[in-house]
Number of protein chains: 2
Amino acid sequence: MTFTKEDASFMQMALEEAINIQDRVSPNPRVGAVIVKDNKVISKGAHQKFGDNHAEINAIENAEQSVKDATIYITLEPCSHTGKTPPCTDAIIKNKFKKVIFAMLDPNPKVSKNNSVQLLQKENIDVSYGLLENEAKEINQPFIKSIKTGIPYNTAKWAMTLDGKTNTFSGDSKWITESSTREHVHQIRSIHDAVLVGKNTFENDDPSLNCRYDITSTQPYRIVMCSNFKEEYLQSKLALFQDNKTIFILKDKPITDFEEKLKEHKIAYILQKNNLTDSLKQLLSFNIQSILIEGGSLMMGSLLDENLIDYVYSYIGTKIVGGSGSSPIAGQGIDKMNAATHLLKQNLISFNNDICLHGPINFYE
Amino acid sequence: MTFTKEDASFMQMALEEAINIQDRVSPNPRVGAVIVKDNKVISKGAHQKFGDNHAEINAIENAEQSVKDATIYITLEPCSHTGKTPPCTDAIIKNKFKKVIFAMLDPNPKVSKNNSVQLLQKENIDVSYGLLENEAKEINQPFIKSIKTGIPYNTAKWAMTLDGKTNTFSGDSKWITESSTREHVHQIRSIHDAVLVGKNTFENDDPSLNCRYDITSTQPYRIVMCSNFKEEYLQSKLALFQDNKTIFILKDKPITDFEEKLKEHKIAYILQKNNLTDSLKQLLSFNIQSILIEGGSLMMGSLLDENLIDYVYSYIGTKIVGGSGSSPIAGQGIDKMNAATHLLKQNLISFNNDICLHGPINFYE
């Protein structure tokens, strides 16, 4: 299908609508829509909150004039099934749109089964898609990966010294980067459904794993992967939250006594499976599609060894410590440098003294 | 002493003359000079080659009109002693300059003993100094450190993966960065008097340690720090050069047989002292003021532990390997993160996919 330069610029606007939403909408995708009549934008809309209106409906409702014979640009195929809200194809037909252009097909089997394209074409609506498709896929990687593979999308985040260490030989890691750089991590937390650490990081650092600085109204889940639940964990910061958003991934089922205490503290637990992939798959039932993994190096190593790292944020300070401190990723590792995993796209953020290199390792179609 | 905005801009020009020279002038400092008359630059000059004219003399010779009553801006105190060339103060007096402004005093005791300032003032020349003093010191750190401490200035250079490793668990390190990034290393080599590696890097990589890509006409010395000289080293790349610019720093004096072979191959050797500092001090007798240390991590660790790393180039690729590969700096290391060594100033170079963070750790006044 061919598109004009104007089409691309309207679709870009729709993408920006999707990107600029206030909070996470998972397990739904991020979607934006723009309505154009006589080559002028007459309305815009986005899906703002899980359970609320889809982007198309918000764009239609935001229009201050009739949308009859207009073109609607949507970043995702409009739904044709009844979920939390009625099908968007119905609204498009009812409002007599002349043309629908969307960026990517919906990988959700519920949608693809109903075939929105045929439904709309049957009503003589001109439908085309594939415009800025990669860009649309890029902003919904966790949604696509979860739907297509059943595994959450995992982002690895670490801070290291200029000589590649996450702590000194004695284990001290406070602080590698400046406070303004560390504030940025809270923004990164806010765009994920969950924050996860391994046992050592949990026991050594007792982290809160929440978003501070009023960045989000929807705190991510806090997850700890460890062998067994211990009495002392009930004195940890996580045990204080009591908001049903703390999950332990345990090797063995806790003894009855502990199970009761976990319930009292509103801490959930799931059991580890044969491998990390299967363990993480269970988190989809909590609507967790994206996880920010914050360490430690053993946890990161296990993830890399099972090709479970999809995106990386590497914060690099200008301190140098030498010695035998940890590297960000341990595990088995990759044998040959030319077979190394690498960023598909490199993004650079400069802070006062620190930098952050970030980018995707996997791309889900 | 007070200076005008114009003074600063003329001194900046003199600094640029010093920076833009073609090759190294060590053991001399880098010096530039600008001659100004009626607020107009009438001539510029720099010290281009060890043994040749000083910057002042080149600026005077480059002038196409009389320099009488002019002001000369020099990045370093003019010399008042006869070295390889006659004293610059004589030329300044003879050419009847009205005013001399220089950036920094010469730390060389031969110069300071003669007191150029008094010499010139006695001839009624207006002399002031201290303008852009730090900037002038910055471009001559190896000169200042060598003169003041008797120890060469050491720059540590490494390439590491995005997860802080200089090789994979099996020791493979080819290549962490792209070829265009690696070309930049040859530029960095060209601004140093010597390139040094430890035993492991020498034995594992058999590096040439020379400047390629026609960057310099004056190859740096190639230095290897190792315990004893072995027969097999005579098959190494370094043994092929035979240009009197290869030095081994050995723990023990080689047996007579080897000593003969070293002579045949025009390979010099010196003996290690009690510590690394004393070992490196000996290199000043080869006119080596600046050394680029290229690894490995044990060598870097020993340097850091003796506070011998003065400047760092950390090349960071976007590959990720996990596992147990080496970190750029081993050694004893620093205990607490808040006591870590750090870059005093951070410079960032972006290559296609890689970046380089570089900056000084020590500053010599």
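On a predicted model such as this, the values are computed, not experimentally measured, just so you know. (Residues numbered from 1 in each chain as written. Chains lettered and ligands numbered in written order. Predicted model: local features only at pLDDT ≥ 70, side-chain atom pairs only at ≥ 80, totals over all residues. Heavy atoms only, no water.)

Q: When you look at the overall build of chain A in this model, what are you seeing that I'm missing?
A: Helix and strand counts for chain A stand at 13 helices and 16 strands. A compact globule built from 365 residues should have a C-alpha radius of gyration of about 21 Å, and chain A, at 23 Å, falls within 12% of that. Its C-alpha atoms give chain A principal-axis dimensions of roughly 70 × 50 × 40 Å. Expressed as a percentage of its 365 residues, the buried residues of chain A come to 56%. Sequence-distant contacts, at least 24 apart, represent 72% of the contacts inside chain A between residues at least 6 apart. (Helix = DSSP H or I, 4+ residues; strand = E, 2+ residues; numbered from the N terminus. Rg over C-alpha atoms; globule rule 2.2 N^0.38 Å. Buried < 20%, exposed > 50% of the residue type's maximum accessible area, 1.4 Å probe, protein only. Contact = heavy atoms within 4.5 Å.)

Q: What is the right way to look at the sheet that holds strand S12 (residues 311-316) of chain A in this model?
A: Consider a sheet: its strands pair through backbone hydrogen bonds, and that pairing is either parallel or antiparallel. Residue and element names in this part refer to chain A. Taken together, the 9 strands give an open sheet; going across it, the order is S10-S9-S8-S7-S11-S6-S12-S16-S15, and neighbouring strands pair in mixed fashion. Because the sheet does not close on itself, it has two edges, and the strands there are strand S10 (267-271) and strand S15 (347-350). Averaged over all neighbouring strand pairs, the angle between strand axes comes to 20°, with direction disregarded. By the bridge criterion, 3 bridges tie strand S7 (residues 194-198) to strand S11 (residues 290-293) in an arrangement that is parallel. Among the inter-strand pairings, Ala194 is bridged to a residue of S11, identified as Ile291. Strands in contact with helix H8 (residues 179-190) are strand S6 (153-160), S7, S11, S12 and S15; relative to S12, the strand with the most contacts, it is inclined by about 165°. (Pairing = 2+ DSSP bridges. Axes fitted to C-alpha atoms, helices over the stretch in contact; angles between N-to-C directions.)

Q: Can you walk me through the domain arrangement of chain A in this structure?
A: Where the parts come together, the accessible area they lose is often given as the size of the interface. Residues and elements named next belong to chain A. Partitioning chain A into domains gives domain 1 (5-140) and domain 2 (150-360). Computed from C-alpha coordinates alone, the two centres of domain 1 and domain 2 are separated by 35 Å. With 6 residues of domain 1 at the contact, the number on the domain 2 side is 13 residues. For the domain 1 and domain 2 pair, buried surface summed over both sides reaches about 680 Å², with 30% attributable to carbon and sulfur atoms. The largest share of the area that domain 1 buries against domain 2 comes from Asp23, Arg24 and Pro27, three residues that together contribute 76% of it. Applying the counting criterion to the domain 1 and domain 2 interface returns 2 salt bridges. Glu138 is the salt-bridge partner of Lys345, the closest N and O atoms lying 3.3 Å from each other. Counting every contact that joins domain 1 to domain 2 gives 8 residue pairs in polar contact (both at pLDDT 80 or more). Here the side of domain 1 that touches domain 2 is built from residues that sort into 1 nonpolar, 2 polar and 3 charged. (Domains from an automatic or database assignment. Buried area = accessible area lost by both parts, 1.4 Å probe. Salt bridge = Lys/Arg side-chain N within 4 Å of Asp/Glu carboxyl O. Polar contact = N/O pair within 3.5 Å; in protein donor to acceptor, adjacent residues only side chain to side chain. Nonpolar A, V, L, I, M, F, W, Y, C, P; charged D, E, K, R; others polar.)

Q: Any chance you could explain the environment of A:Thr149 here in plain terms?
A: Residues and elements named next belong to chain A. If you trace the backbone, Thr149 turns up in helix H7 (residues 141-149). Given a relative accessible area of 32%, Thr149 falls into the partly exposed group. Between the alpha carbons of Thr149 and Leu284 there is a distance of 11 Å; along the sequence they are 135 residues apart. Within the structure, Thr149 has its side chain in polar contact with the backbone nitrogen of Ile151 (distance 3.1 Å).

Q: Help me understand the relation of the copies chain A and chain B, please; the structure alone is not making it clear to me.
A: The relation between the two copies of this chain is a rotation about an axis and a shift parallel to it. Rotating chain A by 180° about the axis while translating it 0.1 Å along that axis superimposes it on chain B, leaving an RMSD of 0.1 Å. Considering both components of the superposition, the chain copies are consistent with a two-fold axis. Looking at the rotation axis and the C-alpha trace of chain A, the residue lying nearest is A:Gly164, at 1.9 Å. (Least-squares fit on C-alpha atoms with pLDDT ≥ 70 in both.)

Q: For this particular structure, what's the right way to read the interface of chain A and chain B?
A: At the interface, 50 residues of chain A touch 50 residues of chain B. Carbon and sulfur atoms make up 64% of the surface buried where chain A meets chain B, a total of about 3800 Å² over both sides. For chain A, the biggest contributors to the area lost against chain B are A:Leu162, A:Ile320 and A:Met337; these three give 21% of the whole. At the boundary of chain A with chain B, the tally comes to 0 salt bridges. When contributions to the side of chain A that touches chain B are tallied by element, the ones reaching two or more residues are S6, S12, strand S13 (319-320), strand S14 (341-342), S15 and strand S16 (355-360) of chain A. Among the elements that line the side of chain A that touches chain B, the one with the most residues is S12(A), at 3 residues. Looking at the side of chain A that touches chain B residue by residue, the class counts come to 22 nonpolar, 20 polar and 8 charged. When S14(A) meets strand S13 (residues 319-320) of chain B, the two strands line up antiparallel, connected through 2 bridges. For A:Thr341, the partnering residue across the bridge sits in S13(B) and is B:Ile320.

Q: Would you explain the sheet that holds strand S2 (residues 40-46) of chain B in this entry?
A: All names here are of chain B. Overall, mixed pairing links the 5 strands, which are arranged S2-S1-S3-S4-S5 in an open sheet. The open sheet has two edge strands with one neighbour each: S2 and strand S5 (126-129). Put simply, the sheet's adjacent strands are angled 15° from each other on average, direction ignored. By the bridge criterion, 5 bridges tie strand S3 (residues 71-76) to strand S4 (residues 99-104) in an arrangement that is parallel. Bridging across to S4, Leu76 finds its partner in Met104. Together, strand S1 (32-37), S2 and S3 form the strand contacts of helix H2 (residues 55-62), whose direction differs from that of S2 by roughly 135°.

Q: Got a minute to help me understand the environment of B:Ala330 in this structure?
A: With respect to the element layout, B:Ala330 can be found in the loop between S13 and strand S14 (341-342). Expressed as a C-alpha distance, the spacing of B:Ala330 and B:Phe248, which sit 82 residues apart in the sequence, is 22 Å. In contact with B:Ala330, other than residues within four places in its own chain, are A:Gly322, A:Gly323, B:Ser297, B:Leu298 and B:Gly301.

Q: I tried to follow the state of the cysteines on my own but got confused; where do I start?
A: Joining two cysteines, a disulfide is a covalent bond between their sulfur atoms. Residues and elements named next belong to chain A. Within this structure, the stated rule accounts for 0 disulfides over all chains. In this structure Cys88 is a free cysteine whose sulfur lies 3.7 Å from that of Cys79, the closest cysteine sulfur available. A residue is classified by how much of its surface remains accessible, and Cys88, at 1% relative accessible area, is buried. (Disulfide = S-S within 2.5 Å.)

Q: Just checking my understanding: could you explain unusual backbone geometry for this structure?
A: Phi is mostly negative for residues that are not glycine, and the peptide bonds are mostly trans. Put simply, A:Ser26 and A:Pro27 share a cis peptide bond, and its omega is 10°. Assignment of secondary structure puts A:Pro27 in the loop between helix H1 (5-19) and strand S1 (32-37). Phi is positive for A:Asn287, close to 65°, though the residue is something other than glycine. With respect to the element layout, A:Asn287 can be found in the loop between helix H12 (276-281) and S11. A relative accessible area of 38% places A:Asn287 in the partly exposed class. Positioned with a positive phi, B:Asp69 is a non-glycine residue whose angle comes to about 70°.

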